[in-house]
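Chain by chain, the residues run as shown.
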Amino acid sequence: MEVGYWSSFWRCRLAMAIGFCILVVLNNASGSAASRLLSREQVQRYFFENGLGQTPPMGWNSWNHFGCDINESLIRETADAMVSTGLAALGYKYINLDDCWAELNRDCKGNMVPNASTFPSGIKALAHYVHRKGLKLGIYSDAGNQTCSKRMPGSLGHEEQDAKTFASWGVDYLKYDNCENNGINVKIRYPPMSEALLKTGRPIFFSMCEWGWEDPATWARSVGNSWRTTGDIEDNWISMTSIADANDRWASYAGPGGWNDPDMLEVGNGGMTTEEYRAHFSIWALAKAPLLVGCDIRAMDNTTYELLSNPEVIAVNQDKLGVQGKKVQPNNNDGLEVWAGPLHGNKVAVVLWNRSSSNATVTASWSDIGLEPGTVVHARDLWEHSTQTLVSGEISAELDSHACKMYVLTPRKC
């Protein structure tokens, strides 16, 4: 990866953070002066302007661990645990219901209604409880006739009505799935809900879950705050690594207000080793993915808590520059990889990752990660919480199979 890549990438992402990266692209194409500003109307055509998602969302989602087995007691207890464990103080704010919260049929006025047996108090009361904890409530629907479980009606053709319902309940986040869609193109089905949410006047984070079918990174910034770039994650090494690779393709499209989404975290669900979960969390953080916990946080063990609560790794994910880190040194069939991305203050985040089946040394040179030759850095190990000064022009680590090291490199000032 050439050093020039990072400088141009940084300029584009910084412009995006203030809503004008498209200005750079258009002006470069037309040859017009870079100082000419786009009108607000032109900007709105390219950016989903609800003011949300300036950093990737953090929170919890019910699906990975509980599937359809959800109820209001679980959600209240999860909100309690989010606060009592200290995760909320670290930035995990969204408590998101996934599929199966509603009745199969709408009411006589055509409104979606919560399942009477599992959510007897209603979603509005649940949102009130969650909000009193200082948290936000997310909900789920589908851009089709039914949701993926076939236990709920979808919102296709009911976008405005459902958006008003969600807003009236105090919902803060909508995950919008892609099942039972009548074969209608996603670019036709998703914008109506986007527009309906904006019309409500309530800030609702719009998470588009169309599974990466139509390369949403290339067009979804004008529609939502995040977009799934892949199919569903599974709690195993092969699934996690393949999804990381697939999401990496779209790194240049992410930025403040709109994020690539490689699906929710599996950390703590039991299908991977501690080192594999550490790599999972490290790569998701570096890639500026939404950090949505998918385990039962009411009963997580100390190891799971330590992985999810590392403030230094979280800080990389929430870095105000908003540049998605990416794979800068592929494994060349040896399983040894370097992932990196710029942070504010001229710092660089680096992950050394051994994806091979045996112990190995992984090395990143300054040319790999965008540092000038001869740069002296302070290297902060984010998992060991230790710092060393490097003058050699590279950083190396001997790693067990499937393990990683994560650093923030800060160039030393003269």
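The protein appears in an unreviewed UniProt entry as Alpha-galactosidase from Clitoria ternatea. Under Catalytic activity (unreviewed entry), UniProt gives the following word-for-word description of the protein: "Hydrolysis of terminal, non-reducing alpha-D-galactose residues in alpha-D-galactosides, including galactose oligosaccharides, galactomannans and galactolipids." According to the UniProt record, the Sequence similarities (unreviewed entry) comment for the protein is "Belongs to the glycosyl hydrolase 27 family."

Chemist: Just to check I follow, could you spell out the state of the cysteines for this structure?
Modeler: Such a bond, covalent and formed between the sulfur atoms of two cysteines, is termed a disulfide. Inspection of the entire model under this criterion finds two disulfides. Each sulfur of the disulfide joining Cys-68 and Cys-100 lies 1.8 Å from the other. One end of the pair, Cys-68, is in the loop between helix H4 (63-66) and helix H5 (72-84); the other, Cys-100, is in the loop between strand S2 (94-96) and helix H6 (123-132), with 32 residues separating them in the sequence. Note on Cys-68: relative accessible area 21%, which makes it partly exposed. Residue Cys-100 is classed as buried on the basis of its relative accessible area of 7%. In this structure Cys-209 is a free cysteine whose sulfur lies 7.1 Å from that of Cys-148, the closest cysteine sulfur available.

Chemist: When you look at the packing of aromatic side chains in this model, what are you seeing that I'm missing?
Modeler: When we look at a pair of aromatic rings, we describe it by the centre distance and by the angle of the planes. Counted according to the given criterion, the structure contains 15 aromatic pairs. Ring centres of Phe-48 and Phe-206 lie 6.2 Å apart, and the angle between their planes is 55 degrees; this geometry places the pair in the tilted category. Here the residue Phe-48 occupies a position in the loop between helix H3 (40-46) and strand S1 (58-61), and Phe-206 occupies one in strand S5 (residues 205-208), the gap between them amounting to 158 residues. For the pair Phe-48 and Phe-206, a shared accessibility class is recorded, and that class is buried. Judged by centre distance (4.9 Å) and plane angle (10 degrees), the ring pair of Tyr-173 and Phe-205 falls under stacked. Note that Tyr-173 is positioned in strand S4 (residues 173-177) and Phe-205 in strand S5, a separation of 32 residues in sequence. For Tyr-173, a relative accessible area of 2% puts it in the buried group. Positioned above the aromatic ring of Tyr-129 is the side chain of Arg-76, whose terminal nitrogen or guanidinium carbon lies 4.7 Å from the ring centre.

Chemist: Would you explain the sheet that holds strand S10 (residues 336-342) in this entry?
Modeler: Backbone hydrogen bonds hold the strands of a sheet together, and the pairing may be parallel or antiparallel. Pairing is antiparallel in the open sheet, where six strands are placed in the order S9-S10-S11-S16-S13-S14. Looking along the sheet, the strands with just one partner apiece sit at the ends: strand S9 (326-329) and strand S14 (386-390). Within the sheet, the average angular offset between the axes of one strand and its neighbour, ignoring direction, is 30 degrees. Here helix H10 (residues 274-286) sits on the sheet in contact with S9, S10, strand S11 (348-354) and strand S16 (404-411), set at roughly 35 degrees to S16.

Chemist: So what exactly am I meant to see when it comes to the pairing of strand S15 (residues 394-399) here?
Modeler: As a general feature of sheets, a regular strand has side chains that alternate between the two faces. Burial along S15 is one-sided: Ile-395, Ala-397 and Leu-399 are buried, and none of Glu-394, Ser-396 and Glu-398, which face the opposite way, are. Both strand S12 (residues 360-365) and S15 contribute to a ladder of six bridges, which runs antiparallel. Bridging from a neighbouring strand, Ser-365 pairs with Glu-394 of S15.

Chemist: Just checking my understanding: could you explain the packing of H5 against H6 for this structure?
Modeler: Two numbers describe a pair of packed helices, the interaxial angle and the distance between the axes. Packing of H5 against H6 leaves a shortest axis separation of 10 Å and a crossing angle of 10 degrees. Overall, the two elements H5 and H6 adopt an arrangement that is roughly parallel. Classified by chirality, the crossing of H6 by H5 is right-handed. Side by side, H5 and H6 meet where Glu-72, Ile-75, Arg-76, Ala-79 and Asp-80 of the first sit next to Ala-125, Leu-126, Tyr-129 and Val-130 of the second. Residues of the contact of H5 with H6, tallied by class, amount to six nonpolar, no polar and three charged.

Conventions and cut-offs
- Residues numbered from 1 in each chain as written.
- Predicted model: local features only at pLDDT ≥ 70, side-chain atom pairs only at ≥ 80, totals over all residues.
- Heavy atoms only, no water.
- UniProt positions renumbered as here; feature names shortened; annotations may be inferred.
- Disulfide = S-S within 2.5 Å.
- Helix = DSSP H or I, 4+ residues; strand = E, 2+ residues; numbered from the N terminus.
- Buried < 20%, exposed > 50% of the residue type's maximum accessible area, 1.4 Å probe, protein only.
- Phe/Tyr/Trp six-rings, centres within 6.5 Å; stacked < 30°, edge-to-face > 60°.
- Lys NZ or Arg CZ within 6 Å of the ring centre and 35° of its normal.
- Pairing = 2+ DSSP bridges.
- Axes fitted to C-alpha atoms, helices over the stretch in contact; angles between N-to-C directions.
- Contact = heavy atoms within 4.5 Å.
- Parallel < 35°, antiparallel > 145°, perpendicular 65-115°, else oblique.
- Left-handed = near helix turned anticlockwise from the far one by under 90°.
- Nonpolar A, V, L, I, M, F, W, Y, C, P; charged D, E, K, R; others polar.

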